[in-house]
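Overview (structure and organization)
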Amino acid sequence: MNQFSTDVINLGRTPERFDGLVNTPVFRGSTIVVNSFSEWEEFKRNGGVYRHYGRFGAATAKSFESAISALEGGAGSIVFPSGLSACTHALMACVEANSHVLIADNIYGPTRNFADNILVRMGVSVEYFDSTNLEALTEKINDRTTAVFIESPGSMTFELSDVAAISTISHQYGAKVLVDNSWATPLLFQPLKHGADISIQSVTKYIGGHSDILMGVATANAETYQQLTKTGHLFGETTSLLFLSRNVLP
């Protein structure tokens, strides 16, 4: 844990950018001014998002995202206003009408409610499986499956799933693997290093740690990061930068 302790203390902090301040200052604002049209266009290159509006994140949020991404071993992270929002929008990034989704039967209840009441209404076929039984996965996954969503340890029941094996099987069908990693946190487990495509945290829980934050974050590998961020931004998801006014890392 010594290396992780060092990372938690230092990641996301760039004192050289802010006159030596240890913590990134709170940035409050909506509209962002650029110096020229060419600079405006440059921000959109290589999949970049617009930088002319605070909804896409200022330095405070970006510092937190970079720290979580490093701890998770991902290509990038995006913050959401709650853990549930991170779960639902990560799912939305990986589905389309007439696609099939497999969801572990031990997931967080509100995520299951979203799947049953929203995904189904959108024409997505939702099916549940025992994520501790690889045969159950192989029996139900098919060429229409675009996402396999698991939680390990399972929500409240704490079953552990073989994320690497699930990822190997799912990728054979072209399905993305999403892991709600809120119980383990990246300090104890990094799903992306075991083949998952998106790792999700409820910052409200262990990462916030003091029952005074509502926030979520999703971290993706290089192949999925643009897919995730594009969906989050199209839905207008963001989080109040005021919530990030202090260190929220564990």
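Scope of this entry: the structure provided in the associated data block.

Conventions used here
Residues numbered from 1 in each chain as written. Predicted model: local features only at pLDDT ≥ 70, side-chain atom pairs only at ≥ 80, totals over all residues. Heavy atoms only, no water. Axes fitted to C-alpha atoms, helices over the stretch in contact; angles between N-to-C directions. Helix = DSSP H or I, 4+ residues; strand = E, 2+ residues; numbered from the N terminus. Parallel < 35°, antiparallel > 145°, perpendicular 65-115°, else oblique. Left-handed = near helix turned anticlockwise from the far one by under 90°. Contact = heavy atoms within 4.5 Å. Nonpolar A, V, L, I, M, F, W, Y, C, P; charged D, E, K, R; others polar. Salt bridge = Lys/Arg side-chain N within 4 Å of Asp/Glu carboxyl O. Buried < 20%, exposed > 50% of the residue type's maximum accessible area, 1.4 Å probe, protein only. Phe/Tyr/Trp six-rings, centres within 6.5 Å; stacked < 30°, edge-to-face > 60°.

With their axes 10 Å apart at the nearest point, helix α4 (residues 83-92) and helix α5 (residues 109-119) run at an angle of 40° to one another. The orientation of α4 relative to α5 falls into the category oblique. Taken as a pair, α4 and α5 cross one another with a handedness that is right-handed. Counting all contacts with α4, which are made through Leu84, Cys87, Thr88, Leu91 and Met92, the residues of α5 involved are Pro110, Thr111, Phe114 and Leu119. Considered class by class, the residues forming the contact of α4 with α5 number seven nonpolar, two polar and no charged.

Tallied over the entire structure, the rule returns one salt bridge. Among the salt bridges present, the one from Lys62 reaches Glu65, with a minimum N-O distance of 3.5 Å. With Lys62 and Glu65 both in helix α3 (residues 59-72), this residue pair falls three residues apart, about one helical turn. On the basis of relative accessibility, which here comes to 8%, the residue Glu65 falls in the buried class.

Looking now at the packing of aromatic side chains. A complete count under the given rule lists two aromatic pairs for this structure. Ring centres of Phe158 and Trp183 lie 4.7 Å apart, and the angle between their planes is 55°; on these two criteria the pair is classed as tilted. Here Trp183 lies in the loop between β5 (176-180) and α8 (185-188) and Phe158 lies in the loop between β4 (145-151) and α7 (163-172), a separation of 25 residues in the sequence. With relative accessibility at 44%, the residue Phe158 sits in the partly exposed group. Plain terms: the ring middles of Trp183 and Tyr206 are 6.1 Å apart, the flat faces sit at 65° to each other, and that makes the pair edge-to-face. Note that Trp183 is positioned in the loop between β5 and α8 and Tyr206 in helix α9 (residues 203-207), a separation of 23 residues in sequence. Exposure remark for Trp183: the relative accessible area of 26% places this residue in the partly exposed category. Using a relative accessible area of 45% as the deciding quantity, one classes Tyr206 as partly exposed. The structure contains a cluster of three or more aromatic residues connected by ring pairs, namely Phe158, Trp183 and Tyr206.

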